[in-house]
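Topology and contacts: notes
Okay, here's what each chain looks like letter by letter:
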Amino acid sequence: MRILSALILAALFGTTLHAQGVITRIDSDGTHFYYNGVADLQNVFEDATLNGLGTDTIIFSGGAFVLTTELQITSPVVVIGSGIRTDSSAVYGGTTEINPSGNFSVVALQNGADGSEIHGVTFGNQVRLGSNQADSDVDEVKFYRCNFGVLAIGNGGNNQTLANGILIEQCVIRDELRAQYSTDLRVRNSFLKNIGYTDANTNVEIKNCIIPGYDGTNGFILYENSIFLTNAATLNVTGNAAFTNCLFVGNGTLFAQNVTFAPSILTNVDPRYSPDLAAAFASVPNVPLGTGYTAYQLNGNYATTPIYSNAPYLGTDGLPRGIYGGDAPWKDGSLPFNPHWSLLTTPGNTSNGVLQGVHIKASAQEN
């Protein structure tokens, strides 16, 4: 109930919170407010660790939080931002951004932060699991509806991480996902580029994702129901990946005839091909073709065309390939879970100018 009440306050007074830079931390002993914005940022997470009473919930208003040093998270937390899209987060004071683009400090989840969740935050630079290899043993971390420059499942280099069981769902990774040989890394219904540092023992699963700027190179990755975009008329797919019910989108009328797969490809089940973005998707409005191939488009409609060449673009589950299929279909607007009013009743008159008998009922979205 405390979490829901604080979320309601954040939703109601998002504009004020944005102006004040207030951060809310909720633990088993109550709700705590921090009014100094970025100056309090490390203190918020240190207090969550010192509290030692379980998983704290930390709620951010919209706005930019610019770091000058590495932000360290050392205990399990649930972080809730305002969302990653300017249009759908305006009521909360805009998007929550930590380290806007151009700032090079990083956010590091370290040993002790196992089981943390981060929802609805844009990171301008890099998020890491660990500041070094020794403290990268951060398991079962979940990222939902976040936007990253680089997400490193480790300390950022090519060292093997100790982190396992990471889930990335409905996120945008603009520059690179560094798997760093993580075990049981799962990516669902996301946009991601440049997946690096994988091997046969890691079990990296990428389902119902869109991979823009795809150049055909892969590590040991299991792709399922995913879509690959390349601004080219030909494509040579190499590496040791496995493809199941995937769609390859190029830029040329003969693209389907000019896609080749190296002998090292593990499996390739039911591949489909599209000559361009317009044929693959129902509509991609206001997106230059070149840009649409290489990066996530805020206004793009990535619903696949129901039928192309008399063949439906369906995945293994009978749902569309790409972000609108699978177990966690893309949520338009990309808002994190948040409360909303489900009932508001008022009487027809007042008593001495006071509104009586107002009944308010709030509920929170499960997803």
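Residues numbered from 1 in each chain as written. Predicted model: local features only at pLDDT ≥ 70, side-chain atom pairs only at ≥ 80, totals over all residues. Heavy atoms only, no water.

The secondary structure content of the protein chain amounts to five helices and 34 strands. Within the protein chain, the fraction of its 367 residues that count as buried is 52%. For the protein chain, restricting intrachain contacts to residue pairs at least 6 apart in sequence, the fraction spanning at least 24 positions comes to 54%. Entry remark: accessible area of the protein chain is about 15400 Å², with carbon and sulfur atoms responsible for 52%. (Helix = DSSP H or I, 4+ residues; strand = E, 2+ residues; numbered from the N terminus. Buried < 20%, exposed > 50% of the residue type's maximum accessible area, 1.4 Å probe, protein only. Contact = heavy atoms within 4.5 Å. Areas by Shrake-Rupley, 256 points an atom, 1.4 Å probe, with all protein chains shown as cover.)

Turning our attention to the state of the cysteines. On inspection of all chains with the given rule, the structure shows zero disulfides. Among the cysteines around Cys171, which has no disulfide bond, Cys146 carries the closest sulfur, lying 4.9 Å off. Cys246 takes part in no disulfide bond, and the closest cysteine sulfur, belonging to Cys209, lies 9.9 Å away. The class of Cys246 is buried, set by a relative accessible area of 1%. (Disulfide = S-S within 2.5 Å.)

Further remarks concern helix α3 (residues 41-51). All of the buried residues along α3 are Leu41, Val44, Phe45, Ala48 and Asn51. Around the axis of α3, the buried residues are gathered within 120 degrees of arc, so they sit on the same side. Contacts made by the buried residues of α3 are with β1 (23-27), β2 (30-34), β3 (56-60), β4 (63-65), β5 (71-73) and β6 (77-80). Downstream of α3 by a residue or two, Gly52 has a phi angle that is positive, lying close to 60 degrees. (Arc of directions from axis to C-beta.)

Inspection of the secondary structure assignment puts Ser136 in the loop between β11 (126-129) and β12 (142-144). By relative accessible area, which is 1% here, Ser136 ends up buried. Setting aside residues up to four positions removed in sequence, Ser136 forms contacts with Asn111, Leu129, Gly130, Gly154, Thr161, Leu162 and Ala163.

A few words on the pairing of strand β8 (residues 106-109). Side chains Val106 and Ala108 of β8 all project onto a buried face; the interleaved residues Val107 and Leu109 project onto the opposite face, where all are buried too. As paired strands, β5 and β8 are joined by three bridges and run parallel to one another. If you follow Gln72 over to β8, its bridge partner there is Ala108. For β8 and β11, the ladder comprises four bridges, and the chain directions are parallel. The partner of Val107 across the bridge, within β11, is Val127. (Pairing = 2+ DSSP bridges.)

Take it as geometry only, folks, not as evidence of what the structure does.
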